[in-house]
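# Tertiary structure, described
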Amino acid sequence: MQKALFPFLAVLLVLVSCGDSSSRPDAEPHVFDVQEFDSLSKAQGAIVDVEYRSDSSLFGKRYYLADTAKVILEFNRQEELQSVHWYNGKGQELWQENYYPSGQRMARFGKQVNEGTGAAYFHGTYKSYYQDGSVKECGEYEDNQLLWNVHWESDGRKGDTIIYEYR
């Protein structure tokens, strides 16, 4: 079953990295297609758990992919995608993406796991985006602390660089 996982992840990577083009050269528009992800997951034999709120609105979906990965999708009360969390086969969170109600990616954060407690924390690069997909900020976290970030104005002009700490 693990051999079937690699083609699935390759197709998923192509879906994640592709998106519509924008007039801004720094634009990285990306909308996570939940229906396409459901179709690919079903075709690869993923186990899907669906969770609902007390008002019957969709709260989340958990996808178990061949015992090597887990993906959790969380939705707001209007059942619009709010966040996507990717885990490895050990149950450790690798990265997280947040989404605008329009479906456009809002931010992507790298994560790392504290081996002692098992808790995930921000570690590695991150990017945040305007609603048109253009880059708003990029930076880096280390051990849950923001080391640096660069901000871009909505018209594409680079803002100030903020340096928090060097190690």
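Now for a quick tour of the structure. (Residues numbered from 1 in each chain as written. Predicted model: local features only at pLDDT ≥ 70, side-chain atom pairs only at ≥ 80, totals over all residues. Heavy atoms only, no water.)

In this fold, Asn-98 is placed in strand β5 (residues 93-99). Classification of Asn-98 as buried rests on a relative accessible area of 18%. Within polar-contact distance, the side chain of Asn-98 engages the side chain of Gln-96 at 3.0 Å. What Asn-98 contacts, discounting residues up to four positions off in sequence, is Gln-82, Ser-83, Arg-105, Met-106, Ala-107 and Phe-109. (Helix = DSSP H or I, 4+ residues; strand = E, 2+ residues; numbered from the N terminus. Buried < 20%, exposed > 50% of the residue type's maximum accessible area, 1.4 Å probe, protein only. Polar contact = N/O pair within 3.5 Å; in protein donor to acceptor, adjacent residues only side chain to side chain. Contact = heavy atoms within 4.5 Å.)

Let's shift gears to the nonpolar core. Counting residues in hydrophobic clusters, the biggest one holds 16 residues, and the most contacted among them are Phe-32, Val-71, Leu-73, Leu-81 and Val-84. Elements that contribute at least two residues to this core include exactly α2 (34-43), β2 (58-65), β3 (69-75), β4 (81-88) and β5. When residues in this core are grouped by element, the largest group, four residues, is from β3. (Core = buried A, V, L, I, M, F, W, Y, C linked by side-chain atoms within 4.5 Å.)

The next point concerns unusual backbone geometry. Its identity as a non-glycine residue notwithstanding, Asp-143 has a phi of 50 degrees, on the positive side. Along the chain, Asp-143 falls in the loop between β8 (135-142) and β9 (145-152).

For the rest of this paragraph, the subject is the environment of Glu-115. Following the sequence through the fold, Glu-115 ends up in the loop between β6 (105-113) and β7 (120-129). A polar contact of 3.3 Å, which involves the side chain of Glu-115, links it to the side chain of Gln-92.

Another point: the pairing of β8. As defined by bridge partners, β7 adjoins β8 across six bridges and the pair is classed as antiparallel. Each bridged residue has a counterpart across the sheet, and for Thr-125 the counterpart in β8 is Glu-140. Between β7 and β8, which pair antiparallel and follow one another directly, the connecting turn spans five residues, one of which, Gly-133, has a positive phi of 95 degrees. Count of turn residues in the β8/β9 antiparallel hairpin: two residues, of which Asp-143 carries a positive phi of about 50 degrees. (Pairing = 2+ DSSP bridges.)

A word on α2. Listed in full, the buried residues belonging to α2 are Val-34, Phe-37, Leu-40 and Ser-41. In a view along the axis of α2, the buried residues occupy a sector of 125 degrees, so they form one face of it. Of the exposed residues in α2, the ones pointing more than 90 degrees away from its buried face are Gln-35, Lys-42 and Ala-43. Here α2 starts with a cap whose side-chain oxygen sits 3.2 Å from the backbone nitrogen of Gln-35, and that cap is Asp-33. Phi for Gly-45, located one or two positions after α2, is positive at around 75 degrees. (Arc of directions from axis to C-beta.)

Any functional reading would require information that these geometric values do not contain.
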